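What follows is each chain in one-letter form.
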Amino acid sequence: MATEIVLLSFFLDKLWFGPLSKVIDQRNGILKSNLESASGNLEECDQIIAFAEKSINDLRATINTERNEKLSALNAECEAAMAASKDKVNKEIEAALSGIEKDRTVVLESMAQEVEGFCWEIMAKVLNESEMKDIKAMDDKLFKVAA
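In this text the structure is predicted, and so the values were computed from the model without any measurement.

**Q** When you look at the overall build of the protein in this model, what are you seeing that I'm missing?
**A** Within the protein, the regular secondary structure consists of 2 helices and 0 strands. For 147 residues, the compact-globule formula gives about 15 Å, and the C-alpha radius of gyration of the protein, at 58 Å, lies well above that figure. Summarising its shape, the C-alpha atoms of the protein cover approximately 180 × 25 × 15 Å along the three principal directions. Expressed as a percentage of its 147 residues, the buried residues of the protein come to 2%. As presented, the protein carries roughly 13,400 Å² of accessible surface, and 64% of it is formed by carbon and sulfur atoms. Computed over 18 positive and 27 negative side-chain charges, the separation of the two mean positions in the protein equals 2 Å.

In structure tokens:
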């Protein structure tokens with residue numbers, strides 16, 4: 001019986017345990033290589049993610065810079081247009097005020113002439129002819145001297 005156990009252990013070792021240990025060793029090798037490959041892939045993925053994040057941040061900075069430049073240019077353009085419009089409006093206001101002042105002067109002169117005419121008409125109705133001649137002579141003398 002002892003010989004049978006020894007023979008059985010010898011055959012099991014050669015036919016069963018030997019090939020089985022080879023298969024297990026091969027499988028362990030494959031698993032180790034897959035694990036190393038996955039670890040390498042993980043490092044590569046981390047590098048890709050870091051590159052993508054850096055690229056996104058660079059793009060954001062570039063976009064912000066371009067946006068600020070364009071906004072500054074638009075603001076300068078708007079300010080220039082507003083200044084030009086303001087100058088134009090100020091010139092128009094000055095021209096209108098000048099025209100109003102001229103009109104005012106003309107109206108005041110016309111009113112003064114009309115008032116003077118009304119005064120002479122009233123005096124002509126109130127005073128007699130000789131008094132009117134005296135007043136006209138005095139008026140002519142005063143205004144010729146003053147002029």
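**Q** Before we go on, may I ask you to explain the packing of aromatic side chains in this structure?
**A** How two aromatic rings sit relative to each other is set out by the distance from centre to centre and by the angle between their planes. In total, this model carries 0 aromatic pairs according to the counting rule given. Sitting over the face of the ring of Trp 120, Lys 136 holds its NZ or CZ atom 5.9 Å from the ring centroid.

**Q** I keep staring at the environment of Lys 136 and nothing clicks. Help me out?
**A** Assignment of secondary structure puts Lys 136 in helix H2 (residues 129–146). A residue is classified by how much of its surface remains accessible, and Lys 136, at 44% relative accessible area, is partly exposed. Linking Lys 136 and Lys 88, residues 48 residues apart in sequence, is a C-alpha distance of 52 Å.

**Q** Would you take a moment to explain a nonpolar patch on the surface for this structure?
**A** Residues Leu 7, Leu 8, Phe 10, Phe 11, Leu 12, Leu 15, Trp 16, Phe 17, Leu 20 and Ile 24 make up a contiguous nonpolar surface patch of about 1,000 Å² in total accessible area. Within the element layout of this structure, Leu 20 appears in helix H1 (residues 2–126).

Cut-offs and rules
Residues numbered from 1 in each chain as written. Predicted model: local features only at pLDDT ≥ 70, side-chain atom pairs only at ≥ 80, totals over all residues. Heavy atoms only, no water. Helix = DSSP H or I, 4+ residues; strand = E, 2+ residues; numbered from the N terminus. Rg over C-alpha atoms; globule rule 2.2 N^0.38 Å. Buried < 20%, exposed > 50% of the residue type's maximum accessible area, 1.4 Å probe, protein only. Areas by Shrake-Rupley, 256 points an atom, 1.4 Å probe, with all protein chains shown as cover. Lys, Arg positive; Asp, Glu negative; His and termini not counted. Charge placed at Lys NZ, Arg CZ, Asp CG, Glu CD. Phe/Tyr/Trp six-rings, centres within 6.5 Å; stacked < 30°, edge-to-face > 60°. Lys NZ or Arg CZ within 6 Å of the ring centre and 35° of its normal. Patch = residues over 30% accessible without salt bridge, like charges linked within 9 Å, V, L, I, M, F, W, Y side chains within 5 Å. Salt bridge = Lys/Arg side-chain N within 4 Å of Asp/Glu carboxyl O.

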